[in-house]
Amino acid sequence: MIPILYDEEATTFDTFGLGALKDCTFCQVTEERNGAYELTMKYPITGRMYQQLENGRLVKAKPNETSVDQLFRIYRITTPLAGQVTVYAAHVSYDLSAIAVIPWSDSEITAANALNRLFSYTATLCRFTCETEYETAKAFSVNKPQSVRACLGGVAGSVLDV
């Protein structure tokens, strides 16, 4: 697997973005059930893309043999040690933790409409979209401001819970 680096504002990922990180000496994705989903990569300071590595940038990598490529946002780059840095990146879905949903409720709404409203009733710009084929209508509400990520799952009353 050769990870690919993208600008932090990228929205399409069918090109080589800023470039392939072919000089990386180690790249591993760790996914824990109900826990962290992170990429750790070692990259030499003599590598062609070293100067392009910055916090906030996106890395596309294959997390395992059977999954499709995933995006990870760089949140930490260590000081060089023995000629290389360690890059830490969290799955891009964690960006949803920083986007607050404004409270709303509906007594009967399909999952697709609930997701559309969830992603549009935000306190700050949300560039993510979400879709589902689940068609059953149910009551759904966001009773207090909370993150989009929390509204999607992992807490009582989330889309996944309802």
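Predicted model only: the values in this text are computed from it and were never measured.

1. Quick word on helix H1 (residues 111-120)
- Every buried residue belonging to H1 is among Ala-111, Ala-114, Leu-115, Leu-118 and Phe-119, and all of these are buried. The buried residues of H1 all sit within an arc of 125° when viewed along its axis, so they share a single face.
- Of the surrounding elements, those touching the buried residues of H1 are strand E8 (100-101), strand E9 (104-110), strand E10 (137-142) and helix H2 (148-152).

2. A closer look at the layout of surface pockets
- Roughly 400 Å³ of volume is contained in the largest pocket.
- What lines the largest pocket is a set of 16 residues, and nearest its centre among them are Arg-73, Val-92, Asp-95, Arg-127 and Phe-128.
- Taken together, the residues that form the lining of the largest pocket break down as 10 nonpolar, 1 polar and 5 charged.
- Around the second largest pocket sit Glu-31, Glu-32, Arg-33, Asn-34, Gly-35, Tyr-37, Ser-93, Tyr-94, Arg-149, Ala-150, Gly-153 and Gly-154, which together line it.

3. Observations concerning the pattern of salt bridges
- A complete count under the given rule lists 6 salt bridges for this structure.
- Between Arg-57 and Asp-7 there is a salt bridge, and its shortest N-O distance comes to 3.8 Å. Here the residue Arg-57 occupies a position in the loop between strand E4 (37-44) and strand E5 (58-61), and Asp-7 occupies one in the loop between strand E1 (4-6) and strand E2 (19-20), the gap between them amounting to 50 residues.
- Given the relative accessible area of 9%, Arg-57 is considered buried.

4. Examining the environment of Asn-116
- Relative to the helices and strands, Asn-116 is located in helix H1.
- Residues Asn-116 and Cys-24, spaced 92 residues apart in sequence, show a C-alpha to C-alpha distance of 39 Å.

5. Looking at the packing of aromatic side chains
- One pass over the full model with this rule turns up 5 aromatic pairs.
- For the pair Tyr-6 and Phe-13, a centre-to-centre distance of 4.9 Å together with 80° between the ring planes defines the contact as edge-to-face.
- We classify Phe-13 as partly exposed; its relative accessible area is 21%.
- Ring geometry for Trp-104 versus Tyr-121: centroids 6.2 Å apart, planes at 55°, classification tilted. In this pair, Trp-104 is assigned in strand E9 and Tyr-121 in the loop between H1 and E10, connecting sequence segments 17 residues apart.
- Look at Trp-104 and you get buried, because its relative accessible area is 8%.
- For Tyr-121, a relative accessible area of 38% translates into the label partly exposed.
- In this arrangement the basic side chain of Arg-117 is found over the ring face of Tyr-121, its NZ or CZ atom lying 5.7 Å from the centre.
- Taking NZ or CZ as reference, Arg-149 lies 4.1 Å from the ring centre of Tyr-94, over its face.

Cut-offs used in this document
- Residues numbered from 1 in each chain as written.
- Predicted model: local features only at pLDDT ≥ 70, side-chain atom pairs only at ≥ 80, totals over all residues.
- Heavy atoms only, no water.
- Buried < 20%, exposed > 50% of the residue type's maximum accessible area, 1.4 Å probe, protein only.
- Helix = DSSP H or I, 4+ residues; strand = E, 2+ residues; numbered from the N terminus.
- Arc of directions from axis to C-beta.
- Contact = heavy atoms within 4.5 Å.
- 1 Å grid on protein atoms, 1.4 Å probe; cavity = no way out; pocket = protein on both sides within 12 Å on 5 of 7 lines; lining within 4 Å.
- Points joined across faces, edges and corners; volume = space filled by probe spheres on them.
- Nonpolar A, V, L, I, M, F, W, Y, C, P; charged D, E, K, R; others polar.
- Salt bridge = Lys/Arg side-chain N within 4 Å of Asp/Glu carboxyl O.
- Phe/Tyr/Trp six-rings, centres within 6.5 Å; stacked < 30°, edge-to-face > 60°.
- Lys NZ or Arg CZ within 6 Å of the ring centre and 35° of its normal.

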